[in-house]
Amino acid sequence: MPSIKISGTIRFIEETDDEKRENLSQKVMNSLAPDNFLGMTTVMEEEYAEIHLKSEKIGSVLATADDLLMNADGAVRVKKSSRKQ
């Protein structure tokens, strides 16, 4: 029986001039890099960064996406609060 692969992509887009100037998507991606697992690939472009997820289990893809989004949110909040100081 062939195995089924589940995949998904998360794209972090720099929307504001401040985000573009600071290369925010690349900084977020670098902060998430230690969480990468086998089956994850990253792509960094000039105004966005992507994480591609692939697994045989949908639960693994969903749980990983959830963890990555929560960690990315934390990274963006820290970066934005450091701007105010």
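Reading guide: rules and limits
- Per chain, residues are indexed from 1 in the order of the written sequence.
- Local features in this predicted model are restricted to residues of pLDDT 70 or higher, and side-chain atom pairs are both shown and tallied only at a pLDDT of 80 or more, whereas totals for entire chains, interfaces and linings draw on every residue.
- To obtain the side-chain values, all non-hydrogen atoms of the structure were used and water was disregarded.
- Strands are treated as partners if at least two bridges between them are detected by DSSP.
- Numbering of helices and strands starts at the N terminus; helices are DSSP runs of H or I of at least 4 residues and strands are runs of E of at least 2.
- Exposure categories follow from relative accessible area, calculated using a 1.4 Å probe and restricted to protein chains: below 20% of the type maximum is buried, above 50% is exposed, and the middle band is partly exposed.
- By construction, the arc corresponds to the directions joining the helix axis to the C-beta atoms.
- N or O atoms closer than or at 3.5 Å make up a polar contact, with two conditions inside protein: a donor-capable atom paired with an acceptor-capable one, and, for residues adjacent in sequence, both atoms drawn from side chains.
- By the convention used here, residues are in contact when the closest approach between their heavy atoms is within 4.5 Å.

**Q** So what about the pairing of strand E2 (residues 40-44)? Which residues, and what values?
**A** As defined by bridge partners, E2 adjoins strand E3 (residues 48-55) across five bridges and the pair is classed as antiparallel. Bridge pairing in E3 links Thr-42 to Ile-51. In this antiparallel pair of consecutive strands, E2 and E3, the connection spans three residues.

**Q** Tell me what's going on with helix H2 (residues 24-32), and back it up with residues and numbers.
**A** Taken as a whole, H2 has its buried residues at Leu-24, Ser-25, Val-28, Met-29 and Leu-32. Viewed along the axis of H2, the buried residues span an arc of 135°, placing them on a single side of the element.

**Q** I'd love a proper account of the side chain of Ser-55, names of residues and values included.
**A** Turning to its location among the elements, Ser-55 is positioned in strand E3. Looking at Ser-55, its side chain comes within polar contact range of the main-chain nitrogen of Lys-57, at 3.1 Å. Setting aside anything within four residues of it in sequence, one finds Ser-55 in contact with Ile-4, Lys-5, Ile-6, Ser-60 and Val-61.

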